[in-house]
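Residues per chain are reported as follows:
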Amino acid sequence: MDLQLAQFLQFLFSGVTVGATYALAALGFTLIYNASHVINFAQGEFIMLGGMLSVFFSQAGLPMPLALGLAIVVPALVGMALEKLAIEPVMGAETVTLIIITIGASLVIRGLVQVWLGKGTFSLPAFSGEKPILFLGATLMPQSLWVLGVSALVVLALGYFFKYTLYGKAMLATSYNRGAAQLVGIHTGGVLLVSFALSASVGALGGVLLTPITLTSYDTGILLGLKGFVGAVVGGLGNGLGAVIGGLLVGVMEAMGAGYISSAYKDAIPFILILFILFFLPRGILGGQSTDRV
Amino acid sequence: MALLEVDRLSIHFGGVKAVDDVSFSLDAGTVYAVIGPNGAGKTTLFNLITDLYQPTSGDIRLDGISITGMAPHRLAMLGIARTFQNLQICINMDALENVMVGAHLRLDRNVFKSALHWPGITRRDRALREECSALMCSVGLEHYIGARADSMPYGALKRLEIARALALQPRILFLDEPAAGLNATETLEIDRLVRRVADTGVTIVLVEHDMKMVKNLSDRILVLDYGKKLAEGSAQEVLDNPEVIAAYLGTSV
Amino acid sequence: MHLAKYRALALLSLLLLVLPWLLPNSFYVDLVIRMLINCVIVLGLNLLIGFAGQISLGHAGFVGIGAYASAVLPSHFGWHPAAAIGAGALITGVLAALIARPIFQLKGHYLAMATLGLGIIIAMVLRNEAGLTGGPDGMAVVPLELFGLPLSSDRQWYAVVATLLVLSVWLCENLMDSPFGRALRALHGSEPASQVAGVNVVRYKISIFVLSAMFASLMGSVTALYVGFVTPSLADFFHSIELVTMVVVGGMASIYGSLLGAVVLTALPQALTRFEGWETVAFGAILMASMVFMPRGLVPSLHAWWSQRRAPSNPQQAVS
């Protein structure tokens, strides 16, 4: 009895930990989608950049806090470059065009990392040591607490930002109706830039937090990004809270599936989940987007 | 029996009753106009009848048979054609091809025969090309027969949609604001065009704001306001109705 | 089919006929065969993406199914390789038909994600079911015998693939010129308009998805038999992206554009094969540049530019 509970908790902990990263990725997708109706297929690469750059900067001799800080700031800059070079030129184009251009951007980022930082797998030391915490028979790594704690802080901060600050509300206004927002004087171009920067930093942060647990390499971005997207859709595309819940849900289901059913197909679970959601609940759990007028 | 019967049709979007308990019927060969202030539900009514929206309640019957909830493409098989208020043109194709799409159901669409270049298909396609060119001429688009849709001005595209709808050889033609965005001369041409079509025996249901056109063309008029039927009758009856005047112009204080 | 299109097809056939004599050695023949295989896959994919305006980010999955059908069925179950090709196409067709109905209720990004998910799941199954498929390392393929003669030399395969290509181009030209093709393009242009004209939009999307999936499966089988070996990378995400790149760069809704895209982007990895990371960067940069500067692809953009130069006058100026 106790053993079953312990096992369940174990899976739950690992699921929620990785789910927190998915949640941050899902938030990133949501931010950009709300600002521009674009699905940024390069989102996963920001997560990867967070991980890889934190390793790179700390191995280059920088003190850890600075290394981590840079590992978040640099992807933000990359995100802004992406917006300027890839999104702005094709604003308003067909969906296919937009999808392909962000895929192209993700390839460029990933390829450059592969060339400059190599194909190796890297790790970071855990932030507060490796001594596992025992809880009802299950072990929890301290790093997991970091992941959960910081992610929760970020989610709360973003929630506060959008609900109570003027700039946050301006961003929301832009997502509801771009034209109207422009008419009341909101600089929508700037809003787009900021959403990309925010989305990239949030993703990178997730990558940084997760690296001590799951390691990092140049190609971890693809799956992480895709699973983050699944989380965003599960929760309802465009819905911030939904993104967080969706991401956590994906992480937990993945861990449960891997633990109880088959660990070989662990990576397939989010995709089976998304097919399920797309077919039966396309608006997601908390409801997503609206219909067109004919 | 009336050709088309609309029976207590309603659609609710959340809390908004876009169309509320509307009933009317129309006879074959007549021109029936639906008017009302902006937002009255006219286009929504069209979308309901042509099955692009599903009603919350009510029924629509063609020749006595219920067509509510049918897939839109099946209505085309029953001889119902329509144009769109916001223009739905296949910008990626030639003008002529747009019209030919209207005749889609009259051709053999079998995949295998198409892929293997069955001789019958080419022959009939060429015949259709001729027919659609003639149709374009009849709506005043002879200059655009070789043109691409993306090079045509707005007024021409409105007529292209009508040509496409006519290519279906419909029994009923739904025209959603055919004169919207057109100047006086162009509106007059559309007026004459619709008259010519009506004279061939096609039943026409028309949404329009241009009152002169409505008065000239219609046999009967339905007035909608806030999704509800406000009045129905001949042009004379309806346009003299004080409630209708109030709905459009507001009452004097 | 219009005269111009017959001329183009004749030109293509002539080119293919003459090409083997111009190629210096078997390395180039092999490269051309791979190009031709990609040409056919991309032709099918273009029907879906370019003409019908849909998207598939998991098409390599279908290539994988065809390839592995040709590997697994003869090796483990004793099927004749020719029957295995047919079975692969059939399985793919059925899978595509089953999954298409729910998938095409979706639009835009959702559709893209669903096809992506499908492709990844297929690739994962191929990778994990090692007992059947040989796992990540792949497995060998029993060679095909046509009329008692083993199909093994480069020249023989070239003849087979070139014939398949010419046939495919002919079929696609016919299809796009017909009422079916017109309905498909109309669907891309405006779904409401085509619906009210009587086009069963959902059925058409499903048909074209199944057709393009079967093209992919068939060529997957051909690849397996030609190379003699299959690996799960045939079905993976990057391969799907390569295929989409070929469609998009060569020319959406352009048959010869697809061919050009396939040729150029099959050659590119060969040229960059020593610079692995740079290959990825190059692909990404090409995708981005194409979408910004030539969103309709190389061939349609060139065609448009050429037409502008020849006929500058615009009929509408006279009339409005």
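Just so you know, these numbers come straight off a predicted model, no measurement behind them.

Criteria and thresholds
Residues numbered from 1 in each chain as written. Chains lettered and ligands numbered in written order. Predicted model: local features only at pLDDT ≥ 70, side-chain atom pairs only at ≥ 80, totals over all residues. Helix = DSSP H or I, 4+ residues; strand = E, 2+ residues; numbered from the N terminus. Buried ≥ 20, exposed ≤ 12 C-beta atoms within 10 Å, placed from the backbone. Contact = placed C-beta atoms within 7 Å. Pairing = 2+ DSSP bridges. Nonpolar A, V, L, I, M, F, W, Y, C, P; charged D, E, K, R; others polar. Axes fitted to C-alpha atoms, helices over the stretch in contact; angles between N-to-C directions. Left-handed = near helix turned anticlockwise from the far one by under 90°. Domains from an automatic or database assignment. pLDDT = per-residue confidence, 0-100. Expected span 1.5 Å × (residues − 1).

Engineer: Describe in detail the overall build of chain B, supporting the description with residues and values.
Structural biologist: Counting its secondary structure elements, chain B contains ten helices and ten strands. Its C-alpha atoms give chain B principal-axis dimensions of about 70 × 40 × 35 Å. The burial tally for chain B puts 43% of its 253 residues in the buried class. When contacts within chain B are restricted to residue pairs at least 6 apart in sequence, those whose partners lie at least 24 apart make up 65%.

Engineer: Help me get a handle on the overall build of chain A, residues and values and all.
Structural biologist: Along the backbone of chain A there are eleven helices and two strands. Put simply, chain A runs from its N terminus to its C terminus through helices and strands in the order α-α-α-α-β-β-α-α-α-α-α-α-α. Along the first, second and third principal axes, the C-alpha set of chain A runs to 60 × 50 × 35 Å. Across the 294 residues in chain A, those meeting the buried criterion constitute 51%. Sequence separation of 24 or more characterises 77% of the internal contacts of chain A that already satisfy a separation of 6 or more.

Engineer: Account for the pairing of strand S1 (residues 4–13) of chain B, with residues named and values stated.
Structural biologist: Residues and elements named next belong to chain B. Sheet topology note: the S1/strand S4 (residues 57–62) ladder contains five bridges and is antiparallel. Paired with Glu 5 across the two strands is Arg 61, which belongs to S4. Pairing geometry for S1 and strand S2 (residues 16–26), over seven bridges, is antiparallel. Looking at S2, one finds that Ile 11 is bridged to Val 19. Linking S1 back to S2 in an antiparallel pair, the connection comprises two residues, with Gly 14 at a positive phi of about 60 degrees.

Engineer: Describe the environment of C:Gly284, with residues and values.
Structural biologist: By the element assignment, C:Gly284 lies in helix H13 (residues 276–293). With 25 C-beta atoms packed within 10 Å, C:Gly284 lands in the buried category. When residues no more than four places from it in sequence are discounted, the contact partners of C:Gly284 are A:Gly104, A:Ala105, A:Leu107, A:Val108 and A:Gly111.

Engineer: Requested: an account of the interface of chain B and chain C, with residues and values cited.
Structural biologist: Counting residues at the interface gives 39 residues for chain B, matched by 32 residues for chain C. Of all elements in the fold, only helix H2 (72–77), strand S6 (80–82), helix H3 (95–102), helix H4 (111–115) and helix H5 (119–138) of chain B reach the threshold of two or more residues within the side of chain B that touches chain C. Looking at the side of chain B that touches chain C, its residues break down into 23 nonpolar, ten polar and six charged.

Engineer: Lay out the sheet that holds S2(B) in plain terms, naming residues and giving numbers.
Structural biologist: Residue and element names in this part refer to chain B. Spatial ordering of the open sheet is given by S2-S1-S4-S5, a layout of four strands whose pairing is antiparallel. Lying at the two open borders of the sheet, with one neighbouring strand each, are S2 and strand S5 (65–66). Sheet analysis places S4 next to S5, joined by two bridges and oriented antiparallel. Counterpart to Leu 62 in the pairing with S5 is Ile 65.

Engineer: Break down the environment of C:Ile91 for me, with residues and values.
Structural biologist: Residues and elements named next belong to chain C. As for its position among the elements, Ile 91 is in helix H4 (residues 81–103). Classification of Ile 91 by C-beta neighbours within 10 Å gives partly exposed; the count is 18. For the pair Ile 91 and Thr 231, spaced 140 residues apart in the sequence, the C-alpha separation amounts to 19 Å. With residues up to four places along the chain from it excluded, the contact list for Ile 91 reads Ile 65 and Ala 69.

Engineer: Could you give an account of the interface of chain A and chain C, naming the residues involved and the relevant values?
Structural biologist: Each partner contributes residues to the interface: chain A has 36 residues there, and chain C has 33 residues. Counting residues per element, the ones that place at least two in the side of chain A that touches chain C are helix H4 (95–117), helix H9 (220–235) and helix H11 (269–280) of chain A. The greatest single-element share of the side of chain A that touches chain C, amounting to 16 residues, is contributed by H4(A). For the side of chain A that touches chain C, the per-class residue count stands at 29 nonpolar, five polar and two charged.

Engineer: Can you break down unusual backbone geometry residue by residue, with the values?
Structural biologist: Residues and elements named next belong to chain B. Even without glycine at this site, Asp 21 takes up a positive phi of about 55 degrees. Position of Asp 21 among the secondary structure elements: in strand S2. The class for Asp 21 is partly exposed, based on 14 C-beta atoms found within 10 Å.

Engineer: Requested: an account of the packing of helix H1 (residues 2–36) of chain A against helix H5 (residues 142–164) of chain A, with residues and values cited.
Structural biologist: All names here are of chain A. The interhelical angle for the contact between H1 and H5, taken along N-to-C directions, is 30 degrees, at an axis separation of 9 Å. As H1 runs across H5, the sense of the crossing is left-handed. The residues of H5 that touch H1, namely those facing Phe 13, Val 16, Thr 17, Ala 20, Thr 21, Ala 23, Leu 24 and Leu 27, are Ser 144, Val 147, Leu 148, Ser 151, Val 154 and Leu 158. When grouped by side-chain class, the residues that make up the contact of H1 with H5 number ten nonpolar, four polar and no charged.

Engineer: Break down the environment of A:Arg283 for me, citing the residues and quoting the values.
Structural biologist: Positionally, A:Arg283 belongs in the segment after H11. For the pair A:Arg283 and A:Gly235, spaced 48 residues apart in the sequence, the C-alpha separation amounts to 8.1 Å.

Engineer: If you had to explain the sheet that holds strand S9 (residues 220–225) of chain B to someone new, which residues and values would you point to?
Structural biologist: Residue and element names in this part refer to chain B. Taken in spatial order, the six strands of this open sheet run S6-S7-S8-S3-S9-S10, and their pairing is mixed. This sheet does not close on itself; its edge strands, each paired only once, are S6 and strand S10 (228–233). If you compare each strand with its neighbour and ignore which way they point, the axes differ by 15 degrees on average. Of the strand pairs in this sheet, strand S7 (residues 172–176) and strand S8 (residues 203–207) are connected by five bridges, and their pairing is parallel. What sits directly across from Asp 176, in S8, is Val 207. Helix H7 (residues 184–199) contacts strand S3 (31–35), S7 and S8 of the sheet and is inclined by roughly 150 degrees relative to S8.

Engineer: Explain the domain arrangement of chain B to me, and be specific about the residues and the numbers.
Structural biologist: All names here are of chain B. Taken domain by domain, chain B consists of domain 1 (1–79 + 170–253) and domain 2 (89–167). The distance between the C-alpha centroids of domain 1 and domain 2 comes to 27 Å. Taken together, the contact between domain 1 and domain 2 spans eleven residues of the former and nine residues of the latter. Those elements that place two or more of their residues in the side of domain 1 that touches domain 2 are H2 and H7. Per-class residue counts for the side of domain 1 that touches domain 2 are eight nonpolar, one polar and two charged.

Engineer: Can you tell me about the confidence of the model for chain B, naming the residues and giving the values?
Structural biologist: The pLDDT averaged across chain B works out to 86; a share of 98% of its residues lies at or above 70. Here the predicted complex carries an ipTM of 0.85, next to a pTM of 0.85.

Engineer: Give me the lowdown on helix H8 (residues 188–214) of chain A, citing residues and values where you can.
Structural biologist: Residues and elements named next belong to chain A. Between its terminal C-alpha atoms H8 stretches 38 Å, which fits the 39 Å expected from 27 residues at 1.5 Å a residue. Counting buried residues in H8 gives 21 out of 27 residues, a clear majority hidden from the surface. In the stretch just after H8, Leu 215 is the one whose phi turns positive, near 65 degrees.

Engineer: Describe the confidence of the model for chain A, naming the residues involved and giving the relevant values.
Structural biologist: Mean pLDDT over chain A stands at 83; residues scoring 70 or higher make up 97%. A low-confidence stretch, residues 290–294 of chain A (pLDDT under 50), is modelled with five contacts involving residues beyond four sequence positions or located in other chains.

Engineer: Summarise the pairing of S9(B); cite the residues concerned and give the values.
Structural biologist: Residue and element names in this part refer to chain B. In terms of strand pairing, S3 meets S9 through four bridges, oriented parallel. The residue bridging Ile 35 from the neighbouring strand is Val 223, located in S9. Across five bridges, S9 lies against S10 in antiparallel orientation. Considered in S10, the bridge of Ile 221 is made with Gly 233.

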